[in-house]
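Topology and contacts: notes
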Amino acid sequence: MVASSGSARDGWSSRTAFILAAIGSAVGLGNLWRFPAEAGQNGGGAFVLFYIFCVIFIGLPVLLSETLLGRHGQASAPESVRRMAAESNALSAFMIVSFYCVVGGWVLYYVYVFAGDLVTTGLAGGAFEGRDRAEIEGILPGLFGSARLMITGHLVFFAITMFFVMRGVSQGIEWVATWLMPAFFVLLVGITLYGLTSGAGMETLTYLFSFDFTKLTPQVMLAAVGQAFFSLSLGVAGMITYGSYAGRDINLGRTSGIIASADTAVALIAGLCIFPIVFAAIAAGATDLSVEGCPGLRFAALPGGLQAMPCGAFIGLVFFIMVGFAALTSSVALLEVPTSWVMERFETSRMVSTLGVGLSAALLGIFAALSFNEWSDVRPLAFVPIFAEANVFDALDGVTAKIFMPLGAILTCVFVGWVAEPRLVDTENGLNGWLHQLWRALVRYVCPLVLIVITFFGLFG
Ligand code: TRP
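Quick caveat: nothing in here was measured; it's all calculated off a predicted structure.

Let's talk about the site of the ligand
Around the ligand, the structure places 16 residues, and the nearest of them are Ala-26, Gly-30, Tyr-100, Phe-230 and Ser-233. Contact between the ligand and Ala-26: an oxygen atom at 2.9 Å from a main-chain N or O atom of the residue. Leu-29 has a polar backbone atom sitting 3.1 Å from an oxygen atom of the ligand. Taking 360 Å² as the accessible area of the ligand by itself, protein coverage stands at 100%. Contributing elements (two or more residues each) for the shell around the ligand: helix H1 (15-26), helix H2 (29-41), helix H11 (218-231) and helix H15 (312-346). When its residues are assigned to classes, the shell around the ligand shows 8 nonpolar, 8 polar and no charged.

A look at the packing of helix H8 (residues 147-166) against helix H16 (residues 350-370)
Taken N-terminus to C-terminus, the directions of H8 and H16 make an angle of 160 degrees; their axes are 10 Å apart at the nearest point. As far as their axial angle goes, H16 and H8 are roughly antiparallel. As H8 runs across H16, the sense of the crossing is right-handed. In this structure, H8 uses Ala-147, Met-150, Ile-151, His-154, Leu-155, Phe-158, Met-162, Val-165 and Met-166 to contact H16, whose residues at the interface are Arg-350, Met-351, Thr-354, Leu-355, Gly-358, Leu-359, Ala-361, Ala-362, Gly-365, Ile-366, Ala-369 and Leu-370. Along the lines of polarity and charge, the residues of the contact of H8 with H16 split into 16 nonpolar, 4 polar and 1 charged.

Considerations on the environment of Thr-455
Mapped onto the fold, Thr-455 is located in helix H19 (residues 433-460). Residue classification places Thr-455 among the buried residues on the basis of a relative accessible area of 12%. Between the C-alpha atoms of Thr-455 and Pro-406, which are 49 residues apart in sequence, the distance is 7.2 Å. Side-chain polar atoms of Thr-455 contact the backbone oxygen of Leu-451, separated by 2.6 Å.

Description of the packing of aromatic side chains
Within this structure, the stated rule accounts for 27 aromatic pairs. Taking the centre distance of 6.1 Å and the plane angle of 35 degrees together, the rings of Tyr-109 and Tyr-112 count as tilted. Here Tyr-112 and Tyr-109 lie together in helix H5 (residues 87-121), a separation of 3 residues that amounts to about one turn. The class of Tyr-109 is buried, set by a relative accessible area of 18%. Taken together, a centroid distance of 5.4 Å and an interplanar angle of 85 degrees make the contact between Phe-456 and Phe-457 edge-to-face. Look at Phe-457 and you get partly exposed, because its relative accessible area is 43%.

Overview of the environment of Asn-432
Inspection of the secondary structure assignment puts Asn-432 in the loop between helix H18 (422-428) and H19. Separated by 179 residues in sequence, Asn-432 and Gly-253 have C-alpha atoms that sit 9.6 Å apart.

Cut-offs applied
- Residues numbered from 1 in each chain as written.
- Predicted model: local features only at pLDDT ≥ 70, side-chain atom pairs only at ≥ 80, totals over all residues.
- Heavy atoms only, no water.
- Near = heavy atom within 4 Å.
- Polar contact = N/O pair within 3.5 Å; in protein donor to acceptor, adjacent residues only side chain to side chain.
- Areas by Shrake-Rupley, 256 points an atom, 1.4 Å probe, with all protein chains shown as cover.
- Helix = DSSP H or I, 4+ residues; strand = E, 2+ residues; numbered from the N terminus.
- Nonpolar A, V, L, I, M, F, W, Y, C, P; charged D, E, K, R; others polar.
- Axes fitted to C-alpha atoms, helices over the stretch in contact; angles between N-to-C directions.
- Parallel < 35°, antiparallel > 145°, perpendicular 65-115°, else oblique.
- Left-handed = near helix turned anticlockwise from the far one by under 90°.
- Contact = heavy atoms within 4.5 Å.
- Buried < 20%, exposed > 50% of the residue type's maximum accessible area, 1.4 Å probe, protein only.
- Phe/Tyr/Trp six-rings, centres within 6.5 Å; stacked < 30°, edge-to-face > 60°.

And the structure:
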């Protein structure tokens, strides 16, 4: 057990550990589940291109600002930004982790289903051999419809997350990231290459990369900004917290570039992986799968896609285990934000803080899990037009991605660009010459303005 008190600060054991942990935090269900689903719901190519634009011109400068702010403060995030944003950041991470672990629970359920299938089918067979389409496609609705399964999956995933947060930074989080992230990447690329060559490769490329200007509405733009922040773990003090464990020898400018590139690559590859399978399933006459409106896109489509694949049962099992690991490196990072805040604010031990924060977030998550069944017609934000149709799950997701994250990012930019002493900021960012000038201009003017405009028109336009 490390860092049992708020004052004894634990840190990354090496530079590589920090980079891997930060990538581990960024790469998760945001890339694998949320990105394909958002791209599908927001018109494909237009969304994807604007997303990439957001990552480069907004996400990256904010990412550097957050890590810098974290290391500079050498305190957990909300402590170092207390004067401006304080509690709101830890609160958003708290809200995200609650529904994030619900999706983590879906992954666990699929691991369970594929494991059972592997036992019946054997190593060489395709997934779900001999079972018909309807049955395979019934897996997801079957899971969503059962409050018991949803809550169990959620709580198990939450317990695993709490276990690693309790162990502290270098023993817990870092271990997960160093061992599991590289393995995940290899598998993802493998399955994608298979899908592209054997499925609807061309159709996918056209869908994801052809740009239709008319589809770029303010709502689509806000969704893209929200997705960029969600995916890069920004706007909720995630990277501030991780930056606060980073040593002086780390070049934050270069590191931010690596994190953003890796995260974007995984999101795009995930798109290339999921859509061929979805299109193939649609072409085969699978009825109720549509590209536009399925929150569980990946989960619904993948089992069918793996049916024809040699060793499909085995690959499916390994794949979902990997997705689970990627999700875990993010959920651990998420829970770390409010946990370290409580540790410092109330001077509690890591153990007490993890338990208190974790159990409350897990409870909130139960309501999110019920959104798909018992509470499917509860509309907590019915009075807010753009969230009028949202159930508890969608409300937690929508409010954090579309309001709190942009707001958190605006505050970070204002603080780093205008309030913090320029001397400190300038010597710490690891950038020289024109890159440095560009970054400063983006942080001071472009990011806050663009964010205010997009958020405003996305919400009210
Ligand atoms: N980026 C993570 C993902 O894509 C999710 C996430 C959002 C996150 N905000 C965060 C993780 C803050 C850690 C900290 O899955």
